[in-house]
Amino acid sequence: MKIRKSIHKDYLKNISKIVCVLWLVISVISCKNHNEEYHKVTDKIEAESKNYHGTSISSDKFLEELNLIEITEGEHTFLIPERKSQIQSYACTECHTDDLDKIKGKDVKKGHWNISLNHANENTMNCLTCHNGDDMDNLKSLTGNKIDFDYSYNLCNQCHTKQFEDWKGGAHGKKIASWAPPRASMTCVNCHNPHSPSYEKRWPVGYNSQKRQERK
Ligand code: HEC
Ligand code: HEC
Ligand code: HEC
Ligand code: HEC
């Protein structure tokens, strides 16, 4: 009984010696050149990022030609495209010098024959939900506040809060140019026609193998 116990002890001692030596050898081999080689990838990242002070890559040169305005919404500051120069019939007051009531009538030709509203329903929306009869060159909020055409996302965010929150963070919509700063993003009306904002549903293009055989 006693003998067996001491053999067992010796055996354990030897094993631990071997392990110790092995560990020493391995660590000397694997970390022999500390300046260039690292034990773990995370060590390397940590060491090499000490002298890293942000990226020098920038989107500036792709954005030079574009007419952008800077906005700050909550904790996000970014650029969006200016709109007013893109709107064909702006300034509206080139025609809208009189009250809408006066210029509308049987004898008046329809001014905006190409615009029909396909957005929400009649109870929720008509032209004057967003346009201001007394100040045609600006949009208006539901409570009657002025909204500049360049900042029309403020119109949309009254009802589409979720998409607005996503858009601010960059999860809804699309960036312009590249991922590198400064950030420039498309605004709602770059993608959605405010008068008919839904995307048309389209079927995926089908591949008709029968037709192909017939053609052969
Ligand atoms: C070339 C002239 C012209 C310009 C520019 C113009 N309008 Fe008009 N607009 C008219 C005329 C004419 C009417 C009245 C006839 C009608 O009801 O379509 C009208 C009517 C409207 C109405 C009432 C439509 C209805 O059915 O109640 C709205 C809203 C409107 N315009 C918005 C605008 C806005 C916003 C702009 C600028 C982005 C603009 N218009 C620029 C000529 C113009
Ligand atoms: C949901 C809000 C909303 C409603 C409702 C609305 N508009 Fe607009 N409308 C806008 C916005 C925003 C723009 C500017 C879009 C842009 O920046 O291109 C605009 C642009 C226009 C323009 C200028 C279009 C161009 O390209 O020249 C006219 C004209 C106009 N609206 C007339 C109308 C008329 C008429 C109605 C009712 C039939 C109407 N709008 C209903 C939001 C609205
Ligand atoms: C007064 C409230 C209101 C405003 C302002 C408004 N919307 Fe809407 N919008 C609605 C409602 C209501 C619907 C219909 C929702 C539905 O059918 O599920 C709708 C539908 C839409 C849809 C289609 C949703 C779908 O499921 O197909 C889009 C896209 C959209 N709006 C974008 C915009 C944009 C962009 C603006 C700003 C130019 C805007 N909306 C301004 C109330 C509003
Ligand atoms: C780069 C283009 C782009 C921009 C910018 C953009 N959207 Fe959209 N939006 C889309 C697409 C694509 C869809 C999905 C359409 C579909 O599924 O049929 C969509 C869907 C929606 C819908 C329908 C509900 C949903 O989530 O499917 C609403 C409402 C909407 N957008 C509102 C907005 C508003 C408000 C803004 C600005 C704050 C905005 N969008 C900016 C492209 C855009």
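Here the residue numbers are simple positions, counted from 1 along each chain's written sequence. Labels follow written order: the first chain is A, the first ligand is 1, and so on. Local features in a predicted model are, by the rule used here, given only for residues with pLDDT of at least 70; side-chain atom pairs are given and counted only at 80 or more, and totals for whole chains, interfaces and linings are based on all residues. Excluded from the side-chain calculation are hydrogens and water; included are all heavy atoms of the structure.

S.K.: Provide a residue-level description of the packing of aromatic side chains, including the pertinent values.
M.R.: Classification of ring pairs uses Phe, Tyr and Trp, with its six-membered ring standing for Trp, and accepts pairs whose centres are within 6.5 Å; under 30 degrees between planes counts as stacked, over 60 as edge-to-face, and the remaining range as tilted. Following the criterion strictly, the structure yields 6 aromatic pairs and no others. Where Tyr153 meets Trp167, the ring centres are 5.0 Å apart and the plane angle is 40 degrees; that geometry is what we call tilted. Of this pair, Tyr153 sits in helix α6 (residues 153-156) while Trp167 sits in helix α7 (residues 161-169); the two residues are 14 residues apart in sequence, bridging distant segments of the chain. The pair Tyr153 / Trp167 is uniform in exposure class, with both members buried. Taken together, the ring pairs connect Phe78, Tyr151, Tyr153, Phe164 and Trp167 into an aromatic cluster. Whether a charge lies above a ring is judged from NZ of Lys or CZ of Arg, which has to be within 6 Å of the ring centre and within 35 degrees of the ring normal. Against the face of Phe78 rests Arg183, its NZ or CZ located 3.7 Å from the ring centre. Each helix corresponds to a stretch of at least 4 residues labelled H or I by DSSP, and each strand to a stretch of at least 2 residues labelled E; elements are numbered beginning at the N terminus. Note on classification: 1.4 Å probe, protein chains only; a residue is buried when its accessible area is under 20% of the maximum for its type, exposed when over 50%, partly exposed between these limits.

S.K.: Residue-level account of the site of ligand 1, with values.
M.R.: Any residue with a heavy atom positioned within 4 Å of a molecule or strand is treated as near that molecule or strand. What surrounds ligand 1 is a group of 14 residues, the closest being Cys92, Cys95, His96, Gly111 and His112. A breakdown of the residues in the shell around ligand 1 according to their chemical character gives 6 nonpolar, 5 polar and 3 charged. In this count, Pro and Cys sit with the nonpolar residues alongside Ala, Val, Leu, Ile, Met, Phe, Trp and Tyr, while Asp, Glu, Lys and Arg are called charged and the others, Gly among them, polar.

S.K.: With reference to specific residues and values, describe the site of ligand 3.
M.R.: Around ligand 3, a shell composed of 14 residues is seen, among which His119, Cys156, Cys159, His160 and Ser198 lie nearest. Counted as a polar contact is a pair of N or O atoms within 3.5 Å, where, for protein atoms, one must be capable of donating a hydrogen and the other of accepting one, and residues adjacent in sequence contribute only when both atoms are in side chains. A distance of 2.8 Å is found between a nitrogen atom of ligand 3 and a side-chain nitrogen or oxygen belonging to His160. One nitrogen or oxygen atom from the side chain of Ser198 is found 2.8 Å from an oxygen atom belonging to ligand 3. Split by residue class, the shell around ligand 3 holds 9 nonpolar, 5 polar and no charged.

S.K.: Quick rundown of the pairing of strand β1 (residues 68-73)? Include the residues and the values.
M.R.: Consecutive residues of a regular strand have side chains that alternate between opposite faces of the sheet. Strands are labelled as partners when DSSP assigns at least two bridges between them. With 6 bridges connecting them, β1 and strand β2 (residues 76-81) associate as antiparallel partners. Considered in β2, the bridge of Glu70 is made with Leu79. Counting the residues between successive antiparallel strands, the hairpin from β1 to β2 contains 2 residues, one of them, Gly74, with a positive phi of roughly 60 degrees.

S.K.: Give a description of a negative patch on the surface that names residues and reports values.
M.R.: Patch membership requires over 30% relative accessible area and the absence of a salt bridge. Like charges are linked within 9 Å, and nonpolar side chains (Val, Leu, Ile, Met, Phe, Trp, Tyr) within 5 Å. Note on areas: these come from Shrake-Rupley sampling with a 1.4 Å probe, and a residue is covered only by the protein chains present in the view. One speaks of a salt bridge when a side-chain nitrogen belonging to Lys or Arg is within 4 Å of a carboxyl oxygen belonging to Asp or Glu. Think of it this way: Lys and Arg go in the positive column, Asp and Glu in the negative one, and His and the chain ends go nowhere. Throughout, a charge is located at the NZ atom of Lys, the CZ atom of Arg, the CG atom of Asp or the CD atom of Glu. Taken together, Asp98, Asp99, Asp101 and Asp134 make up a surface patch of like negative charges. Along the chain, Asp101 turns up in helix α4 (residues 100-103).

S.K.: Lay out the coordination of the iron atom of ligand 3 with the relevant residues and their values.
M.R.: Summarising the metal site, the iron atom of ligand 3 is bound by the protein donors His119 (NE2) and His160 (NE2), whose distances to it range over 2.0 Å. Distances define the donors: N, O and S atoms within 2.8 Å of the metal qualify, as do those within 3.2 Å of Na, K or Ca. Water is excluded, so some sites may look unfinished. All geometry calls rest on donor angles, where a four-donor set with angles between 85 and 135 degrees is tetrahedral, four- and six-donor sets with opposite donors more than 155 degrees apart and all others between 65 and 115 are square planar and octahedral, and all else is irregular. In this structure, the iron atom of ligand 3 is surrounded by 6 donor atoms whose angles at the metal cover 88 to 178 degrees, and the resulting shape is octahedral. Here His119, found in the loop between α4 and α5 (127-130), pairs with His160, found in the loop between α6 and α7; they are 41 residues apart in sequence, far enough to count as distant. Judged by relative accessible area, His160 falls into the partly exposed class, the value being 40%.

S.K.: Pulling in residues and values, what's your account of a nonpolar patch on the surface?
M.R.: Where nonpolar side chains cluster on the molecular surface, the patch consists of Tyr11, Ile15 and Val19 and spans about 300 Å² of accessible area. Within the secondary structure, Ile15 is located in helix α1 (residues 2-30). Ile15 sits in the partly exposed class, given a relative accessible area of 39%.

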